[in-house]
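Overview (structure and organization)
Chain residues, written in single-letter form:
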Amino acid sequence: MLLEVRDLYVEFHTREGVAKAVNGVNYSVAEGETLAVLGESGSGKSVTAQAVMGILDMPPGKIAGGEILFKGQDLLKAKPDERRKIRGQEMAMIFQDALSSLNPVLTVGQQLGEMFVVHRGMSRKDAKAKAIELMDRVRIPAAKERVNQYPHQFSGGMRQRIMIAMAMALEPSLIIADEPTTALDVTVQAQVMDLLAELQRELNMGLILITHDLGVVADVADKIAVMYAGRIVETAPVHEIYKAPAHPYTKGLLQSIPRLDQKGRELYAIQGLPPNLTRIPPGCAFNPRCPMAQDVCRSDVPPLYEVDEQRRSACHFWKETLDAR
Amino acid sequence: MHADRDKGAGTGGGAAGSTLLSQASEDAVAPYTEGDPILQVRGLAKHYPLTQGILFKRQIGAVRAVDGVDFDLYAGETLGIVGESGCGKSTVAKMLVHLERPTAGAIRYKGEDISKLSGRALKAVRRNIQMVFQDPYTSLNPRMTVGDIIGEPYEIHPEVAPKGSRRQKVQDLLDVVGLNPEYINRYPHQFSGGQRQRIGIARGLALNPEIIVADEPVSALDVSVQAQVVNLLDRLQAEFNLSFVFIAHDLSIVRHISDRVGVMYLGRIVEIGSDAEIYDHPTHPYTQALLSAVPVPDPTAREHRERIILHGDVPSPANIPSGCRFRTRCWKAQERCELEVPLLAVPAEFRHVDTPARHDSACHFAEEKRVVPPEGELEIPGPAEAPGDGETSEAEGDERS
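Rules used in this analysis
- Residues numbered from 1 in each chain as written.
- Chains lettered and ligands numbered in written order.
- Predicted model: local features only at pLDDT ≥ 70, side-chain atom pairs only at ≥ 80, totals over all residues.
- Heavy atoms only, no water.
- Buried < 20%, exposed > 50% of the residue type's maximum accessible area, 1.4 Å probe, protein only.
- Helix = DSSP H or I, 4+ residues; strand = E, 2+ residues; numbered from the N terminus.
- Contact = heavy atoms within 4.5 Å.
- Core = buried A, V, L, I, M, F, W, Y, C linked by side-chain atoms within 4.5 Å.
- Pairing = 2+ DSSP bridges.
- UniProt positions renumbered as here; feature names shortened; annotations may be inferred.
- Axes fitted to C-alpha atoms, helices over the stretch in contact; angles between N-to-C directions.
- Parallel < 35°, antiparallel > 145°, perpendicular 65-115°, else oblique.
- Left-handed = near helix turned anticlockwise from the far one by under 90°.
- Nonpolar A, V, L, I, M, F, W, Y, C, P; charged D, E, K, R; others polar.
- Polar contact = N/O pair within 3.5 Å; in protein donor to acceptor, adjacent residues only side chain to side chain.
- Salt bridge = Lys/Arg side-chain N within 4 Å of Asp/Glu carboxyl O.
- 1 Å grid on protein atoms, 1.4 Å probe; cavity = no way out; pocket = protein on both sides within 12 Å on 5 of 7 lines; lining within 4 Å.
- Points joined across faces, edges and corners; volume = space filled by probe spheres on them.

1. Thoughts on helix 2 (residues 80-89) of chain A
Buried residues of helix 2 of chain A: A:Arg83, A:Ile86 and A:Gly88, and no others. Lining the buried residues of helix 2 of chain A we find helix 1 (45-53), strand 4 (61-70), strand 5 (73-74), strand 6 (91-94) and helix 4 (108-120) of chain A.

Okay, here's the thing in structure tokens:
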């Protein structure tokens, strides 16, 4: 297994109290595999990724427990300079907002080349040649001329390609893409997702795709982890989860999205709001919004039940949820 | 929800074309009668000048953000406008509510051109056309209480609600949008994104407008909250017989809420028709590419679904290609597309046949192509099976607590 996150806990100490952002998350990614982490804002999907990358703001953040095994090594026990070596060379991240993730006062060539100067000890000249090569690879036209341009001179889609190029530069074995296409238009989103999938195949990388878009997930993922209030509530191979969700939250999400292929009647809406992370309800965190909630849901935290060999659901009534369709 | 309207709206493209002609030839204001479009937009354009020089500014060009948009809006219907960023859809919205003045063209509200109004006449019209903004975090003043925000329209239009009754009116509005009326003295930061959007909607409703222009009203919200707000908009429309101009980039939401849909590209509408005409029988290559690029929430679709991947980016509106503005990214482009601007009309090949492809499409080589899998082919559980289906009030009840 390329990456294994085991029982990870992350909390943030704020003035309002302790916000429990991640509460015992387990997931794993193999080489060449795409794991989609699906969740709404505040579900802990990005915080988990930041903990894996080692870019969590600490304080206020604090990793309260768990292990992050990368190729067998526990990253949480690694020294800072070891981690720095892994970051960039072995794992890289693509952020949502390319414009604010790129340095506005450096040319894209300098930013791409920096990877090679720092990690590979190349000269500036060689690094620039490498940068042009990378820009060609992510299909930026006229790379030779554009290598000297600044981020603001590129369109949104091209900036995201540059982010991808930067992440790919050292051919890492794991890429974490945090909402990589959320800020892009659909036609450009399709281009960028295609590119990402192609490079992933070529380099046989593991990919963690963090998103809230059920459509994007269906398009590219092999397996899904659905997060709610800092926990994984359901994991499954992508085909099964869309056909028959085993958790009421997943089911609600699938039913609440408007469809392209039909003019809807009234949409099913999940009631209420996601919980405040400083005051997660007792029992199952989803119980106040759940149409199936019983007394046991308000008192006992559901474990991740084994639905079948590859599927898990954190619902006391996963069987009923499966059957109810 | 507007089944009675759908039929008329479906052929609206053609009918609109003829009204345009007759009105243009008369060049007079036809009296508004029931059944006429409540809003007629003709040749609407907004050009922002590009200047050079500091002391002696001269214009060296223009950003043609909106460049000739025509559409009709009927009472009680929802017109969806979709397009990618920079296509001018938000500028159209701003012109409709008079936040921007058009460079050219007319906006006729019940037959009267409102684009050049000012002063008292403008104020009177504005009451009837209200806007809901995209970002519920920046469109509410953080220093004002919810009561002041929703009640502010009454300061400007005191005739709608005399001073004494305002508080009651605001509380009624809060109730209508599914918020607890006791929240009247709270500040925006005490609400979640979905609740704030409800406040924005309540403010839009305050003056009992006939038309609401909603610019990306749900795109800043989480998926599970989006559905609540979309249902609220649906319900309000039926309750108050509102006409909506619903602007969004999310094609699925637009289909869900709209009776008719217009697709914009680079400042123009390239195709317009009923929701089924546009989504199931698109004839413009841009619409087809746009629809095929939308990820469908069904993993089985990825193997057999045809994808049209467009190359390159949208050209700059400061430098619009000659002829058809889509030709630089179009796989069908030929010489004719470079020389001749395609008009938004029913393409010749469909003009005399009775098919859903018979709707306005601005393409020289229009042909029908289905890119969205037919209904029922997707495997995900449909909304019909939803537990507690149809009970929006439940969701709202929860937000009140």
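Picking up where we left off.
2. Focus on the nonpolar core
Formed by 71 residues in total, the largest nonpolar core has its most connected members in B:Ile201, B:Leu205 and B:Leu251. In terms of residues, this core owes the most to one element, helix 8 (residues 223-240) of chain B, which gives 7 residues. Those residues in contact with B:Leu205 that sit more than four places away from it in its chain are B:Leu173, B:Val176, B:Val177, B:Ile212, B:Leu236 and B:Leu242. Core analysis: the second largest hydrophobic core is formed by 67 residues, A:Ala19, A:Tyr242, A:Leu254 and A:Val307 among them.

3. Brief notes about the sheet that holds strand 5 of chain A
All names here are of chain A. Across the sheet, which stays open at both edges, the 4 strands sit in the order 2-1-4-5 with antiparallel pairing between neighbours. The sheet is open, and its two borders are formed by strand 2 (17-29) and strand 5, each paired with just one other strand. Where strand 1 (residues 3-14) lies against strand 4, 8 bridges are found, and the strand directions are antiparallel. Counterpart to arginine 6 in the pairing with strand 4 is glutamate 67.

4. Digging into the UniProt feature "domain: ABC transporter" (unreviewed entry) in chain B
Look at the UniProt record and you will see "domain: ABC transporter" (unreviewed entry) annotated at residues 39-291 of chain B. Its end C-alpha atoms 27 Å apart, residues 39-291 of chain B is made of 35% helix and 28% strand.

5. Quick look at the packing of helix 7 (residues 193-205) of chain B against helix 8 of chain B
Residues and elements named next belong to chain B. Put simply, helix 7 and helix 8 touch, their axes get as near as 10 Å, and they point 15° apart. In terms of their interaxial angle, helix 7 and helix 8 are classed as roughly parallel. Helix 8 is crossed by helix 7, and the crossing has right-handed handedness. Contact residues: Gly194, Gln197, Arg198, Ile201 and Leu205 in helix 7; Val225, Gln228, Val229, Leu232, Leu233 and Leu236 in helix 8. Per-class residue counts for the contact of helix 7 with helix 8 are 7 nonpolar, 3 polar and 1 charged.

6. What about the side chain of B:Lys46?
Relative to the assigned elements, B:Lys46 resides in strand 1 (residues 39-52). Side-chain polar atoms of B:Lys46 contact the backbone oxygen of B:Arg101, separated by 2.7 Å.

7. Some remarks on the pattern of salt bridges
Pairing of side chains with opposite charge becomes possible as their charged atoms draw close. Inspection of every chain in the model, using the stated rule, returns 31 salt bridges over all chains. Ionic pairing is found between A:Asp219 and B:Arg307, a salt bridge with its closest N-O pair at 2.2 Å. Pair noted here: A:Asp219 is in helix 9 (residues 214-220) and B:Arg307 is in the loop between helix 12 (301-304) and helix 13 (335-339), and the two residues belong to different chains. Here A:Asp219 falls in the buried class, since its relative accessible area comes to 17%. Between B:Lys89 and B:Glu216 there is a salt bridge; the shortest N-O distance is 3.9 Å. One end of the pair, B:Lys89, is in helix 3 (residues 89-96); the other, B:Glu216, is in the loop between strand 7 (211-215) and helix 8, with 127 residues separating them in the sequence.

8. A word on the layout of surface pockets
One number sums up the size of the second largest pocket: a volume of about 1,200 Å³. Elements with a contribution of two residues or more to the lining of the second largest pocket: strand 9 (223-228) of chain A together with helix 7 and helix 14 (392-400) of chain B. For the lining of the second largest pocket, the element with the most residues is helix 7 of chain B, which contributes 3 residues. For the lining of the second largest pocket, a count of residues per class yields 18 nonpolar, 13 polar and 8 charged.

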